[in-house]
Amino acid sequence: MTRRPHARRGLRVLLAGCLLALVPGCASDDPDPLVVLGPWTGAEGEAFESALQRLDDGTGRTYTYEGTRSLRETLVSQLEADTPPDVAVLNSIGELTEYARRDQLKPLAEPTRERAFSPWAPELLVDGSRRTYWVPLKVDLKSLVWSKEGTPSDDPSWCVGLASQATSGWPGTDWIEDILLHQAGPGRYAQWATSRLSWRDPDVVRAWTTWAELLAGRTDDSVEQSLTTSYEGTSGPAGPRGLLNSPGFACTHEHQSAFIRYVYAGDDIRVEPSARFLRGRAENRDAFEVAGDMAAVFSDDPDAQELVERLSSQAGRERWRAEADPAVRPLFPNTTGLPPTEPANVIEQEIDGLLNSTARTLCFDASDVMPPELRDAFHRAVLEFFRDPAEKHLASLLEQLETIRAQVDEDADDARSFRPPEDICAGPGG
């Protein structure tokens with residue numbers, strides 16, 4: 001069902017020839033399918049594609065989904081070839097901001113704009129006006145700890161898997177972000193995430209050293225195992241087992257986002273907020289880190305705007321959930337004008353309650369807010385620090401990150417008519 005961009009361009013040329021030259025055999029003036037590029041593959045991708053194919057807008061327009069784990073590389077390649085998708089779904093505010101700065105995104109039309117709110121879709125300041133360029137389709141709650149029912153929580157032994165192909169290291173950045181959020185609070189967290197706080201700041205240093213202290217006592221073999229094992233754990237006959245079920249991991253607790261429920265579906269697993277494990281302040285216990293997959297329009301085709309409006313609607317949500325197996329049903333935020341969706345099971349009900357009721361402040365994943373160059377350097381620094389958490393080594397790593405932050409900030413300041421988002425922390429209702 002997937003048609004690659006170069007094929008779409010060829011079809012457009014053919015259709016143009018049909019219209020201009022009335023070439024024999026050209027019998028259809030039907031427009032090309034709208035193409036959606038996104039991060040979901042496997043069961044997730046199948047569910048989304050099935051929902052997409054069932055979206056009937058009454059125009060007869062069809063849709064094609066291209067799912068890939070190499071989303072940034074694919075999108076950059078398509079943009080360089082001047083064959084962008086009509087709609088792309090990304091989890092990085094930093095990348096979306098970069099595309100908006102380059103005028104490669106189209107501002108959202110009403111009523112989609114009304115469903116875009118902080119922390120998932122903060123406005124950008126462009127030429128003196130505030131504009132909205134993306135809207136969340138699904139979200140994830142990050143500040144969570146997983147363990148097996150009946151496991152004592154007083155002295156946790158932490159499961160850590162840092163491998164994730166080209167993005168290895170991000171599970172460690174989640175740790176440091178969550179620690180900083182609960183120790184320093186949402187205000188300092190937002191300053192750091194948006195490059196307004198030095199990487200050498202004592203609050204940032206303390207987050208790194210706290211993570212090392214929480215994971216202290218690991219053997220060299222254990223360190224290597226964590227560096228080379230996927231965040232999903234080892235694979236079994238039915239797919240990833242999860243770290244709690246992986247052979248060779250003698251651990252009791254895992255710090256991971258809500259999406260990991262997919263690999264623990266049906267297991268005797270419990271989930272709870274991470275705050276009490278992170279040596280943070282009591283006043284920050286109701287703050288949670290979140291992430292999301294946001295849809296943005298790259299095409300001038302007005303039907304692309306209509307498609308994003310339909311995908312972000314209540315009907316679109318219900319269709320998507322109906323097509324998905326319980327283990328991969330998406331989570332949605334409760335937004336103004338859209339009633340909440342019904343959780344699929346006890347674990348999802350707990351997560352939904354934390355996201356939409358318990359939380360007082362939601363802060364978007366800091367590394368996904370950062371410019372791509374800085375985010376990627378953060379990933380690499382986490383891997384190096386995990387291998388060698390010595391104080392001198394940490395100082396060197398943070399100095400490198402601060403140098404990159406300053407350089408990226410200087411380069412970005414050339415476009416003075418454009419300002420990236422700063423309000424990446426907000427209440428559950430925006």
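Reference entry: report on the structure contained in this document. Please read these numbers as outputs of a predicted model, since none were measured by experiment.

1. A look at the overall build of the chain
- A tally of regular secondary structure across the chain gives 14 helices and 16 strands.
- Looking at the chain as a whole, 53% of its 430 residues qualify as buried.
- Excluding contacts between residues fewer than 6 apart, the proportion of contacts in the chain whose partners are at least 24 apart in sequence is 78%.
- Element-wise, carbon and sulfur atoms account for 47% of the exposed surface of the chain, whose accessible area totals about 18700 Å².

2. Here we look at the packing of aromatic side chains
- This structure, assessed with the given rule, holds 22 aromatic pairs.
- With a centroid separation of 5.7 Å and 70° between ring planes, the pair formed by tyrosine 99 and phenylalanine 298 is classed as edge-to-face. Taken as a pair, tyrosine 99 in helix α4 (residues 93-101) and phenylalanine 298 in the loop between β13 (287-297) and α9 (302-311) lie far apart in primary sequence, 199 residues in all. Of the two residues examined, tyrosine 99 and phenylalanine 298, each falls in the buried class.
- An aromatic cluster is defined as three or more aromatic residues linked by ring pairs; in this entry it consists of Tyr189, Trp192, Trp199, Trp208, Trp211, Phe378, Phe385 and Phe386.

3. Some words on the nonpolar core
- Counting 120 residues, the largest nonpolar core has Trp134, Trp146, Trp192, Trp199 and Trp208 as its most contacted members.
- Once residues lying within four places of it in the same chain are set aside, the contact partners of tryptophan 199 are Trp192, Val204, Val205, Trp208, Met370, Leu374, Phe378, Leu398, Leu401, Glu402 and Arg405.

4. Let's talk about the sheet that holds strand β4 (residues 124-126)
- On the basis of which strands lie adjacent, the open sheet formed by three strands has the order β5-β4-β15 and antiparallel pairing. Each of the sheet's edge strands pairs with one partner strand only, and the pair in question is β5 (129-131) and β15 (418-419).
- The pairing of β4 with β15 spans two bridges and is classified as antiparallel. Across the sheet, valine 126 pairs through a bridge with phenylalanine 418, a residue of β15.

5. Considerations on the packing of helix α3 (residues 71-80) against α4
- Interhelical geometry of α3 versus α4 gives an angle of 5° and a closest axis separation of 13 Å. On the basis of their axis angle, the class for α3 and α4 is roughly parallel. For the pair α3 and α4, the contacting residues are Arg72, Leu75, Val76 and Leu79 in the first and Glu95, Glu98 and Tyr99 in the second.
- A class-by-class count of the residues in the contact of α3 with α4 yields four nonpolar, no polar and three charged.

6. Quick look at the sheet that holds strand β11 (residues 253-255)
- Spatially, the four strands line up as an open sheet ordered β8-β11-β7-β12, and their pairing is mixed. Strands with a single pairing partner mark the edges of an open sheet, and in this sheet they are β8 (158-159) and β12 (269-273).
- Packing of helix α11 (residues 346-358) onto the sheet brings it into contact with β7 (144-148) and β12, and relative to β12 it is tilted by some 5°.

7. Observations concerning unusual backbone geometry
- Residue proline 111 is bonded to the preceding glutamate 110 through a cis peptide linkage, with omega at 0°.
- With respect to the helices, strands and loops of the structure, proline 111 is situated in the loop between α4 and β4.
- Even without being glycine, aspartate 127 reaches a positive phi, approximately 50°.
- Relative to the assigned elements, aspartate 127 resides in the loop between β4 and β5.

8. Comments concerning α3
- Of the residues making up α3, those classed as buried are Leu71, Thr74, Leu75, Gln78 and Leu79. One side of α3 holds all its buried residues, which, seen down the axis, span an arc of 130°.
- Phi for aspartate 82, located one or two positions after α3, is positive at around 60°.

9. Quick word on the state of the cysteines
- Applying the stated criterion across every chain yields a total of two disulfides.
- Here cysteine 159 pairs with cysteine 251 through a disulfide, and the sulfurs are 1.9 Å apart. Between cysteine 159 and cysteine 251, the S-S dihedral sits near 95°, and the bridge is therefore right-handed. On the criterion of sequence distance, the pair formed by cysteine 159 in strand β8 and cysteine 251 in the loop between β10 (239-240) and β11 is long-range, its members being 92 residues apart.
- The side chain of cysteine 363 participates in a disulfide bridge whose partner is cysteine 425; the two sulfur atoms lie 2.0 Å from each other. Because the sign of the S-S torsion sets the handedness, a value of about 115° for the bond joining cysteine 363 and cysteine 425 places this disulfide among the right-handed ones. With a gap of 62 residues between them, cysteine 363 in strand β14 (residues 361-364) and cysteine 425 in strand β16 (residues 425-426) connect regions that are remote in the sequence.

10. Quick notes on the side chain of aspartate 293
- Tracing the backbone shows aspartate 293 in strand β13.
- Separated by 3.4 Å, the side chains of aspartate 293 and tryptophan 40 make a polar contact.
- With residues up to four places along the chain from it excluded, the contact list for aspartate 293 reads Pro39, Trp40, Val89, Leu90, Asn91, Val135, Pro136, Leu137 and Lys138.

11. Side note on the pairing of strand β3 (residues 87-90)
- Both faces of β3 are covered, namely the face carrying Val87 and Val89 and the face carrying Ala88 and Leu90.
- As judged from the two bridges shared by strand β1 (residues 34-38) and β3, these two strands associate in the parallel manner. Opposite leucine 37, over in β3, you have alanine 88 as the bridge partner.
- Direction of pairing for β3 relative to β13: antiparallel, over a ladder of four bridges. Pairing of alanine 88 across the sheet is with alanine 296, part of β13.

Calculation notes
- Residues numbered from 1 in each chain as written.
- Predicted model: local features only at pLDDT ≥ 70, side-chain atom pairs only at ≥ 80, totals over all residues.
- Heavy atoms only, no water.
- Helix = DSSP H or I, 4+ residues; strand = E, 2+ residues; numbered from the N terminus.
- Buried < 20%, exposed > 50% of the residue type's maximum accessible area, 1.4 Å probe, protein only.
- Contact = heavy atoms within 4.5 Å.
- Areas by Shrake-Rupley, 256 points an atom, 1.4 Å probe, with all protein chains shown as cover.
- Phe/Tyr/Trp six-rings, centres within 6.5 Å; stacked < 30°, edge-to-face > 60°.
- Core = buried A, V, L, I, M, F, W, Y, C linked by side-chain atoms within 4.5 Å.
- Pairing = 2+ DSSP bridges.
- Axes fitted to C-alpha atoms, helices over the stretch in contact; angles between N-to-C directions.
- Parallel < 35°, antiparallel > 145°, perpendicular 65-115°, else oblique.
- Nonpolar A, V, L, I, M, F, W, Y, C, P; charged D, E, K, R; others polar.
- Arc of directions from axis to C-beta.
- Disulfide = S-S within 2.5 Å.
- Polar contact = N/O pair within 3.5 Å; in protein donor to acceptor, adjacent residues only side chain to side chain.

So, to be careful, I would describe these as geometric facts and stop short of saying anything about function.
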